[in-house]
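The residues making up each chain are set out below.
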Protein chains: 2
Amino acid sequence: MSVITIERKVLEKNDELARQNRTLFASRNIFSINIVSSPGAGKTSLVEKTLEQLKGKLNVAVVEGDVQTDFDAQRVAKYGVPVVQIVTNGGCHLEAKLVQDALQNLDLTNIQLLVIENVGNLVCPANYDLGEEMKVVVASTTEGDDKPLKYPGMFRNASVLIINKTDLLPYLPCKIDELKRNALSINPSLIIFETSCTTGYGVAEWCTWLTGKVFQHKGTK
Amino acid sequence: MSVITIERKVLEKNDELARQNRTLFASRNIFSINIVSSPGAGKTSLVEKTLEQLKGKLNVAVVEGDVQTDFDAQRVAKYGVPVVQIVTNGGCHLEAKLVQDALQNLDLTNIQLLVIENVGNLVCPANYDLGEEMKVVVASTTEGDDKPLKYPGMFRNASVLIINKTDLLPYLPCKIDELKRNALSINPSLIIFETSCTTGYGVAEWCTWLTGKVFQHKGTK
């Protein structure tokens, strides 16, 4: 029982820090998203394609989270946007405090969209609010169509599902309609996009929608 | 600091229960493996192909771990082997206690090999000993060749690496030699197999090696 109590305290403390992050984002009119997925589903490729598409349209900053290495920050830095790498050093998810610390090292002047890429893990990041406006879960077609049922927490807490690697569908047993049906059975309000970050398929639709959200959000401030 | 202390206590308690499991396996001459990977890398498909191959050669029992659903136990049950499903209900890894409880529901008479399939998570299961003889990490080619460097804990604690979905290599940027090099840079003693559970490629080599291990293990008792 004591462990459960500690866990609750950890989450309460995290929620308080997430609220502080949220207040900071609101004060600066920044729209923020928290991208989550299994390892290798294509989060960083999606960030790269999104940066390409939004270049000259939106000012974006990126926070990268990984257990080890700064490979992802290096990939993103090539797009000329402010980026900070968080290395969790074994930690299985980002927490609001880590994001808060990372923000100290980011110049947020004129930033309109903050993209936080979480650690590759379809379980633990679901419960940790970072102060983001919405969680975006990326599911790769290669993982099969049953993942929303097997890892429901993440799909329940996300606002958007991006089904990535659609170019591989001809070679896979994955049924995309079944994947969507399973995801919507867990969370009927999920907004779904299909993409291939290899061919670029679907990226424009996602970016148009995201840009709309960013401006709609600014309009409400 | 208090959280770190609690975490250490949790791990100490787990290690004690893992020792009990290990003693049970030794007393019954059972060789046990703990299969770990990201969600959708092909753990259950590997278990299915392994059961097909070992039919009539080894007596196998299976413990399935999932956050939700008993889909995997249903798939495995078709092969006519004893199987129990553990549903962690949000938990991100199996623990020795869960396996101990599951074993109460398995008839271990004459079992020579126990296969434990962990929750799909490339981070958390690395630190939880279940009492197994060895961890087998499955990496899918679709996840890219950098995963051993980004999730080193799992590759460090595993004895065997199975690179699965080799049939998809022609359609992927993944370089298999780079994947192997990265894995061996983290853990030079890793034994590596390449498989495609779709085509069956490489499964015989893995099963021959595994069978050898099971009999070698029995020989030492």
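In this report, the structure presented in the accompanying data block is examined.

Basis of the calculations
Residues numbered from 1 in each chain as written. Chains lettered and ligands numbered in written order. Predicted model: local features only at pLDDT ≥ 70, side-chain atom pairs only at ≥ 80, totals over all residues. Heavy atoms only, no water. Helix = DSSP H or I, 4+ residues; strand = E, 2+ residues; numbered from the N terminus. Buried < 20%, exposed > 50% of the residue type's maximum accessible area, 1.4 Å probe, protein only. Lys, Arg positive; Asp, Glu negative; His and termini not counted. Salt bridge = Lys/Arg side-chain N within 4 Å of Asp/Glu carboxyl O. Contact = heavy atoms within 4.5 Å. Buried area = accessible area lost by both parts, 1.4 Å probe. Nonpolar A, V, L, I, M, F, W, Y, C, P; charged D, E, K, R; others polar. Pairing = 2+ DSSP bridges. Axes fitted to C-alpha atoms, helices over the stretch in contact; angles between N-to-C directions.

### Overview of the side chain of Lys165 of chain A
- Tracing the backbone through its elements, the reader meets Lys165 of chain A in the loop between strand E6 (160-164) and helix H7 (176-186).
- Glu143 of chain A provides the closest opposite charge to the buried, unpaired Lys165 of chain A, separated from it by 6.7 Å.
- Look past the residues within four positions of Lys165 of chain A in its chain and what remains in contact with it is Gly40, Ala41, Ser140, Thr141, Thr142, Thr195 and Ser196 of chain A together with Thr142 of chain B.

### Focus: the interface of chain B and chain A
- The partner chain A presents 33 residues to the 33 residues of chain B that form the contact.
- Each partner contributes to the roughly 2,700 Å² buried at the junction of chain B and chain A, and carbon and sulfur atoms together form 68% of this total.
- Taken as a group, Pro39, Lys150 and Tyr171 of chain B account for 22% of the area that chain B buries against chain A, more than any other trio of residues on that side.
- The interface formed by chain B and chain A includes 4 salt bridges.
- As a salt-bridge pair, Lys150 of chain B and Asp66 of chain A come within 4.0 Å of each other at their nearest N and O atoms.
- Broken down by secondary-structure element, the contributors of at least two residues to the side of chain B that touches chain A are helix H1 (2-27), helix H3 (71-77) and helix H5 (147-150) of chain B.
- Counted by class, the side of chain B that touches chain A contains 17 nonpolar, 9 polar and 7 charged residues.

### Re the sheet that holds strand E6 (residues 160-164) of chain B
Residue and element names in this part refer to chain B.
- Read across the open sheet, the 7 strands follow the order E3-E2-E4-E1-E5-E6-E7; overall the sheet is parallel. Edge positions in the open sheet fall to strand E3 (83-87) and strand E7 (191-194), since each of these has one partner strand only. Here the average twist between neighbouring strands, direction ignored, is 20°.
- As defined by bridge partners, strand E1 (residues 31-37) adjoins strand E5 (residues 134-140) across 5 bridges and the pair is classed as parallel. Looking at E5, one finds that Ser37 is bridged to Val138.
- With respect to the sheet, helix H4 (residues 96-103) is in contact with strand E2 (60-66), E3 and strand E4 (113-117), its orientation differing from that of E3 by roughly 140°.

Scope: geometric values only; no functional claims are made or implied.
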